[in-house]
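Each chain, letter by letter, is given below.
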Amino acid sequence: MLATQKPKVTVILANLGTPDAATVPAVRRFLKQFLSDTRVIEIPKLLWWIILHLFVLTFRPKRVAEAYASVWSNDSPMREIVLEQTLLIKQRLQEENHQFDLSVVPAMTYGQPSIHDVLDQLAQTPQEHVILLPLFPQYSATSTAPLYDAFAKWIPQQRHLPGITLIKDYYQHPLFIQALVDSVLNYQLQHGKPEKLLMSFHGIPQPYADKGDPYADRCRLTARLVAEALHLQEHEWAISFQSRFGKQEWVKPYTDQLLQQWGEQKVQSVQVISPAFSADCLETLEELAMQNKEIFQHAGGGDYAYISALNADQAHIDLLASLVQANLDALTHTLAHR
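Residues numbered from 1 in each chain as written. Predicted model: local features only at pLDDT ≥ 70, side-chain atom pairs only at ≥ 80, totals over all residues. Heavy atoms only, no water.

1. Observations regarding the sheet that holds strand S2 (residues 101–111)
Worth spelling out the cut-off: In this scheme, strands are said to pair when DSSP sees at least two bridges between them. Labels follow the DSSP assignment, with helices taken as runs of H or I lasting at least four residues and strands as runs of E lasting at least two, numbered in each case from the N terminus. In this analysis, axes come from line fits to C-alpha atoms, helices being fitted only over the stretch in contact, and the angle between any two N-to-C directions falls in the range 0 to 180 degrees.
Judged by pairing direction, the sheet is parallel, and its four strands sit side by side in the order S2-S1-S3-S4 without closing on themselves. Looking along the sheet, the strands with just one partner apiece sit at the ends: S2 and strand S4 (163–166). The sheet shows a mean angle of 20° between the axes of neighbouring strands, taken without regard to direction. Where strand S1 (residues 8–18) meets S2, 10 bridges bridge the pair, whose relative direction is parallel. Within the sheet, the bridge partner assigned to Asn 15 lies in S2 and is Met 108.

And the structure:
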């Protein structure tokens, strides 16, 4: 490398993914890619292939496409938010790191922009370092690990390998907890404090947790830290897990069943946040904000409100940028003075 050249460093902000459109064919393509990942579905391949192709991909895409259509605008909410997050973090980091030729790019594990395509594009312009930031606050083998797998497939194909930093998660980072607390307090400043605050996380099958996936424990710690920072009593908050799929047992308590119980108990008001999501998506905007509201109120519950994910909130951008900046600071000792 010539002395006058700045070291090339690329930051990849990666989320799970989304269909290309709110249509049955697009949803079917997305579900096929997503549900074919053995990190996501740990059922014997032949049995799952039969279930997936004869049943899931035959019947589920229509219902899921209709759900996406209910929250779709010009594009998928998740993709719009990730692109906005990328732009804001890029502006922040480029202003503070003139010693690097720094890029910040978005990626998705499934769908577009594909993590595999992003990595292939990086190989066209050799990098000195790549920083991967999965936008999953709590690590799980079902969400974060597939991004590690993408790198594992890419590495053997490269001759000029960059340094690689994988930021595992940030479930108890003080800036993350404070951003969640502020989002709740800011909402309640306008709408008042509810009888109960529910922290609903995306679920995973219980057997995955039994085998050592730390996700559920990380979610519980996130929820406890938020509740403590909000000075909530035990009866004022709860944690639950949503988005079950299939018939096996998932980590409990289940969001829909808990809200059903609260409705039957005539709970007067509930506010819900979902600290597992860095960007609003189908699971928050349709399942959590719409479906679960109907369950709660139909059972006899009162007011119900969903508090948006952190999305492109300034405190969230501060957190994500700080996670990357800590790694860039370390690189100044190995790259910047060449």
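2. Things to note about helix H2 (residues 45–71)
We apply this condition: Take the residue count of a helix, subtract one, and multiply by 1.5 Å to get its expected span. For every residue, the accessible area (1.4 Å probe, protein chains only) is compared with the maximum for its type, and the residue is labelled buried under 20%, exposed over 50%, or partly exposed between those bounds. Note on contacts: a residue pair is in contact if any heavy atoms of the two residues lie within 4.5 Å.
The end-to-end C-alpha distance of H2, which contains 27 residues, comes to just 33 Å, noticeably less than the 39 Å that a straight helix rising 1.5 Å per residue would cover. Those residues of H2 not exposed but buried are Trp 48, Leu 52, Val 56, Leu 57, Pro 61, Val 64, Ala 65, Ala 67, Tyr 68 and Val 71. Against S1, helix H1 (24–35), helix H3 (77–96) and helix H10 (282–298) lie the buried residues of H2.

3. Quick look at the sheet that holds strand S8 (residues 303–306)
Strand order in the open sheet formed by four strands is S6-S5-S7-S8, and the pairing between neighbours is parallel. Every interior strand has two partners, whereas the edge strands, strand S6 (237–242) and S8, have only one. On average, each strand axis in the sheet is inclined to that of its neighbour by 25°, with strand direction left out of account. Strands in contact with helix H8 (residues 215–229) are strand S5 (196–202) and S6; relative to S6, the strand with the most contacts, it is inclined by about 150°.

4. Re the UniProt feature "binding site: Fe(2+)" (unreviewed entry) in the chain
The condition is simple: UniProt positions are given in the numbering used here, feature names are shortened, and annotations may be inferred rather than shown by experiment.
UniProt records the feature "binding site: Fe(2+)" (unreviewed entry) at His 202 and Glu 283, using the numbering of this structure. These annotated residues cover 82 residues of sequence, but their C-alpha atoms sit close together, with the largest distance between any two at 8.0 Å. Mapped onto the fold, His 202 is located in strand S5. Look at His 202 and you get partly exposed, because its relative accessible area is 25%. When residues no more than four places from it in sequence are discounted, the contact partners of His 202 are Tyr 215, Phe 241, Gln 242, Ser 243, Ala 276, Phe 277 and Glu 283.

5. Looking at the side chain of Gln 242
Applicable threshold: N or O atoms within 3.5 Å of each other form a polar contact, as long as, within protein, one can give a hydrogen and the other can take it, and as long as residues adjacent in sequence are counted only when both atoms are side-chain atoms.
Along the chain, Gln 242 turns up in strand S6. For Gln 242, the side chain forms a polar contact with the main-chain oxygen of Glu 283, separated by 3.0 Å. Non-local contacts of Gln 242, meaning those with residues more than four positions away in its chain, are made with Ser 200, Phe 201, His 202, Gly 203, Thr 255, Ser 274, Phe 277, Glu 283, Glu 287 and Leu 288.

6. Examining the domain arrangement of the chain
Rules: What fixes the domain bounds is an automatic or database domain assignment. Once two parts are joined, some of their accessible surface, as seen by a 1.4 Å probe, is lost; buried area is that loss totalled over both. When a carboxyl oxygen of Asp or Glu is within 4 Å of a side-chain nitrogen of Lys or Arg, the pair counts as a salt bridge.
Taken domain by domain, the chain holds domain 1 (8–169 + 315–336) and domain 2 (174–307). The C-alpha-based centres of domain 1 and domain 2 are spaced at 24 Å. The partner domain 2 presents 24 residues to the 32 residues of domain 1 that form the contact. Both sides together, the interface formed by domain 1 and domain 2 hides about 2200 Å², and carbon and sulfur atoms give 67% of it. Considering only the side of domain 1, the residues that lose the most area to domain 2 are Glu 42, Gln 138 and Leu 319, jointly responsible for 24% of the buried surface there. In this structure, the connection of domain 1 to domain 2 is made through two salt bridges. A salt bridge links Asp 169 to Arg 218; the nearest nitrogen and oxygen atoms lie 2.6 Å apart. Linking domain 1 to domain 2 there are 12 residue pairs in polar contact (both at pLDDT 80 or more).

7. Focus on the pairing of strand S7 (residues 269–273)
As a reminder, the rule being used: Consider the strands pointing away from the viewer: the crossover is right-handed when the path from the first strand over the helix to the second runs clockwise.
Most of S7 sits out of view: five of its five residues are buried. The alternating pattern of S7 places Ser 269, Gln 271 and Ile 273 on one face and Val 270 and Val 272 on the opposite face, and all of these are buried. Strand direction decides the pairing type here: S7 and S8, joined by four bridges, are parallel. When the bridges of S8 are listed, Val 272 appears paired with Tyr 306. Regarding the hand of the β-α-β motif, the stretch spanning S7, H10 and S8 is right-handed.

8. Details of the packing of aromatic side chains
Think of a pair of aromatic rings as described by two things: how far the centres are apart, and how the planes are tilted against each other in angle. Just so we agree on the cut-off: When two rings of Phe, Tyr or Trp (its six-membered ring) have centres within 6.5 Å they constitute a pair, described as stacked for plane angles under 30 degrees, edge-to-face for angles over 60, and tilted for the intermediate range. Charge over a ring is defined by NZ of Lys or CZ of Arg lying within 6 Å of the ring centre and within 35 degrees of the ring normal.
Throughout the structure, instances matching the rule amount to eight aromatic pairs. By the ring-pair criterion, three or more aromatic residues cluster together here, those being Phe 30, Phe 34 and Tyr 110. We note Lys 168 situated over the ring of Tyr 139; from NZ or CZ to the ring centre the distance is 4.8 Å. The ring of Tyr 254 has Arg 244 sitting right over it, with the charged end atom 3.9 Å from the ring centre.

9. With respect to the packing of helix H6 (residues 174–191) against H8
We apply this condition: Roughly parallel here means an angle under 35 degrees, roughly antiparallel means over 145, roughly perpendicular means 65 to 115, and every remaining angle is called oblique. Take the far helix as your reference; a near helix turned counterclockwise from it by less than a right angle gives a left-handed crossing, and one turned clockwise gives a right-handed crossing. Residues are sorted three ways: Asp, Glu, Lys and Arg are charged, Ala, Val, Leu, Ile, Met, Phe, Trp, Tyr, Cys and Pro are nonpolar, and all the rest, Gly among them, are polar.
Orientation of H6 relative to H8, taken along the N-to-C sense of each, is 60°, at an axis distance of 9 Å. It follows that H6 is oblique to H8 by the angle criterion. Our pair here, H6 against H8, has a crossing hand that is right-handed. Contacts from Phe 176, Ile 177, Leu 180 and Val 181 of H6 reach H8 at Thr 222, Leu 225, Val 226 and Ala 229. Considering only residue class, the contact of H6 with H8 consists of seven nonpolar, one polar and no charged.

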